[in-house]
Amino acid sequence: MSVMGQGAPQQPAVGPGEIGLGTVIRYLTARLHIPACSGCLMRAEALDRRVRFRIRPGRRFLRRSAAAGDCWYFQSRCTGFGSRQCVSGPARQEPDAEIIEQCCGGWFQYAWIEVCPGEQARSGCGFCFW
């Protein structure tokens, strides 16, 4: 069994549309191959109850649901300390759709575009750690 399987959460720990700080920390430490102890898991659960973030579909640390499986996601790299990052994608899921661009330039942000069938594309800037 890998370390990633032990410490990384597979689903949001708080509820639909939210994720707790403990879940985010567990994911990051698992990505760094730091094993989670029982105390770490209890602290993560406590943080999940106290600090919650609203999320949008397509975040890097969540597995996409089956309902969102038909959507296309485009993401840029993390800006770090303020470099500008852009991402391009179609405005709709059609062969002749115009190409749109989303850029972000703040600290620790990434640009994202989500295109779901029958809908206009959504875009914005998300928070990233690196």
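Residues numbered from 1 in each chain as written. Predicted model: local features only at pLDDT ≥ 70, side-chain atom pairs only at ≥ 80, totals over all residues. Heavy atoms only, no water.

*Asks:* Just give me the short version of the nonpolar core, but keep the residues and values in it.
*Replies:* Counting residues in each nonpolar core, the largest one holds six residues, listed as Val87, Cys104, Ala111, Ile113, Val115 and Ala121. The element contributing the most residues to this core is strand S6 (residues 109-115), with three residues. (Core = buried A, V, L, I, M, F, W, Y, C linked by side-chain atoms within 4.5 Å. Buried < 20%, exposed > 50% of the residue type's maximum accessible area, 1.4 Å probe, protein only. Helix = DSSP H or I, 4+ residues; strand = E, 2+ residues; numbered from the N terminus.)

*Asks:* Help me get a handle on the side chain of Ser76, residues and values and all.
*Replies:* Within the secondary structure, Ser76 sits in the loop between strand S3 (72-75) and strand S4 (85-90). A distance of 2.9 Å separates the side chain of Ser76 from the backbone nitrogen of Ala111, its partner in a polar contact. (Polar contact = N/O pair within 3.5 Å; in protein donor to acceptor, adjacent residues only side chain to side chain.)

*Asks:* How would you sum up the packing of aromatic side chains? Please name residues and give values.
*Replies:* In total, this model carries two aromatic pairs according to the counting rule given. Taking 4.8 Å as the distance between ring centres and 75 degrees as the angle between the ring planes, the aromatic pair formed by Phe81 and Phe108 counts as edge-to-face. Pair noted here: Phe81 is in the loop between S3 and S4 and Phe108 is in the loop between strand S5 (99-104) and S6, with a separation of 27 residues, a long-range link. Look at Phe81 and you get exposed, because its relative accessible area is 63%. An aromatic cluster is present here, built from Phe81, Trp107 and Phe108 joined pairwise through their rings. (Phe/Tyr/Trp six-rings, centres within 6.5 Å; stacked < 30°, edge-to-face > 60°.)

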